Amino acid sequence: MNLTPLNSWHHSNNGRMVDFAGWQMPVQYSSIVDEHTAVRTRAGLFDISHMGRLTFTSDHAGDFLNSVLTNDTAKMKAGEIRYSLVCREDGGILDDVLVYRLPDQWILVVNASNREKIVAWLRRQSGFDHCGFDDQTLATGMIAVQGPAAIRIANQLLGQDVSCMKYYSGQVLTYAGITGLVSRTGYTGEDGVELTLPAEETERIWCRLLELGNDAGVVAAGLGCRDTLRLEAAMPLYGHELSESVDPLTAGLAFAVKLTKSSFVGRDAILAIRERGLQLQRVGLQLESRRIAREETPVTLNGQVVGKVASGTFSPTLQQTIAMAYVPCNLSTAGTELQVDLRGTMVPATVVPLPFYRRS
């Protein structure tokens, strides 16, 4: 099993460790609700070193990435970050990724569960041998600082104000005796930054962030609340809302697909899907019960199964049971009354707009 650079710290600080995508990761330290609330109201630190970090350094890297990603990287300027998808020829989603354009390289951040699959797939694509590829996942660590106090804490560490950085932008900065990538990105629905830094320096910087954020009430946060936070913000998770059997348009991710590009893997299939019309759509559901609708829970109408839940939880912020599900497009309008089958109990569920939560 892979271990992040913070593994020893997690064990020494009451981290409840689980196997996640081949990595030993903390699911929580205190309680999921307490950590969730801290991120929404103060700040939380997440060890996200398990995410894959793939670098491309040759002059051909930009053209190569543009040929395998759904979004248009040709128009990206140094410092820009874009959300994109990697698709099969038939339009099925292999992974959702962030692509970083830096002055001297490109970086692809991929899901931990898909890193080996994506690397193997990239190697089979035309032009790979000339893109200057390197997998930097094990050589680096990655920390997310998220919440209303996140920028203030990050500023103290970095010695400069990063609030002027645009959302989805990044730059390499020197701070605290190291050089690392700082990006205005996150997966919680809150403001914050993500830091990519040398693996051997990760624990020192993590502890420094905890020290700097002590007065603000910063906490270490695990995968448990990372999931409830992203679900409130309606951010899709690979293996739940996204998979190889789901295309980007059905998933509601058309903004990350640029069909105006002349070509990319999966373009023709996605274009055909658009032209014939969608059958299903990702929607939000609000349940009239505190019972949680887990993945694969049937969604019904008049006793007939019409869809299924992708993710569900009880929202600590909203104090409501919520879920994301796939249902027929004609049932995707906000206000549509459906039901979810919770082990034989039919619980009323109303289609609601996404996201469930949006920070002010």
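Nothing here was measured: the structure is a model prediction, and the numbers come from that model. (Residues numbered from 1 in each chain as written. Predicted model: local features only at pLDDT ≥ 70, side-chain atom pairs only at ≥ 80, totals over all residues. Heavy atoms only, no water.)

### Some thoughts on the overall build of the protein
(1) Moving on: Summing up its helical and strand segments, the protein has eight helices and 20 strands in all.
(2) Moving on: Since a compact globule built from 360 residues should have a radius of gyration of about 21 Å, the 21 Å found for the protein is in line with a globular shape.
(3) Moving on: Its C-alpha atoms give the protein principal-axis dimensions of about 65 × 50 × 40 Å.
(4) Moving on: Relative to its 360 residues, the protein shows a buried fraction of 59%.
(5) Moving on: Looking at the protein alone, contacts between residues at least 24 apart form 66% of all its contacts between residues at least 6 apart.
(6) Moving on: Summed over its atoms, the accessible surface of the protein is roughly 15300 Å², and 48% of this surface lies on carbon and sulfur atoms.
(7) Moving on: Here the protein contributes 33 positively and 38 negatively charged side chains, and the mean placements of these two sets differ by 4 Å. (Helix = DSSP H or I, 4+ residues; strand = E, 2+ residues; numbered from the N terminus. Rg over C-alpha atoms; globule rule 2.2 N^0.38 Å. Buried < 20%, exposed > 50% of the residue type's maximum accessible area, 1.4 Å probe, protein only. Contact = heavy atoms within 4.5 Å. Areas by Shrake-Rupley, 256 points an atom, 1.4 Å probe, with all protein chains shown as cover. Lys, Arg positive; Asp, Glu negative; His and termini not counted. Charge placed at Lys NZ, Arg CZ, Asp CG, Glu CD.)

### Concerning unusual backbone geometry
(1) Moving on: Note that the residue after Leu354, namely Pro355, is joined by a cis bond; omega there is 0°.
(2) Moving on: Mapped onto the secondary structure, Pro355 falls in the segment after strand E20 (345-352).

### A look at the nonpolar core
(1) Moving on: With 34 residues, the main nonpolar core has Phe46 and Tyr100 as its most contacted residues.
(2) Moving on: When contributions to this core are tallied by element, the ones reaching two or more residues are strand E6 (81-87), strand E7 (93-101), strand E8 (106-110), strand E10 (140-146), helix H7 (223-232) and helix H8 (267-276).
(3) Moving on: Here the element with the most residues in this core is E6; it accounts for four residues.
(4) Moving on: In this view, Phe46 contacts Val39, Met142, Ile143, Ala144, Gln146, Thr188, Trp206, Ala221, Gly222, Cys225, Arg226 and Leu229; residues no more than four positions away in its chain are not counted.
(5) Moving on: Core analysis: the next-biggest nonpolar cluster, separate from the first, contains 31 residues, Ala154, Leu158, Ile205 and Leu209 among them. (Core = buried A, V, L, I, M, F, W, Y, C linked by side-chain atoms within 4.5 Å.)

### Here's the deal with the sheet that holds E8
(1) Moving on: The strand order across the open sheet formed by five strands is E6-E7-E8-E5-E9, and the pairing between neighbours is antiparallel. Every interior strand has two partners, whereas the edge strands, E6 and strand E9 (133-135), have only one. Across the sheet, the axes of successive neighbouring strands diverge by a mean angle of 25°, strand direction being ignored.
(2) Moving on: Two elements, E6 and E7, share seven bridges in a ladder whose sense is antiparallel. Counterpart to Tyr83 in the pairing with E7 is Leu98.
(3) Moving on: With respect to the sheet, helix H4 (residues 115-123) is in contact with strand E5 (52-56), E6, E7, E8 and E9, its orientation differing from that of E5 by roughly 25°. (Pairing = 2+ DSSP bridges. Axes fitted to C-alpha atoms, helices over the stretch in contact; angles between N-to-C directions.)

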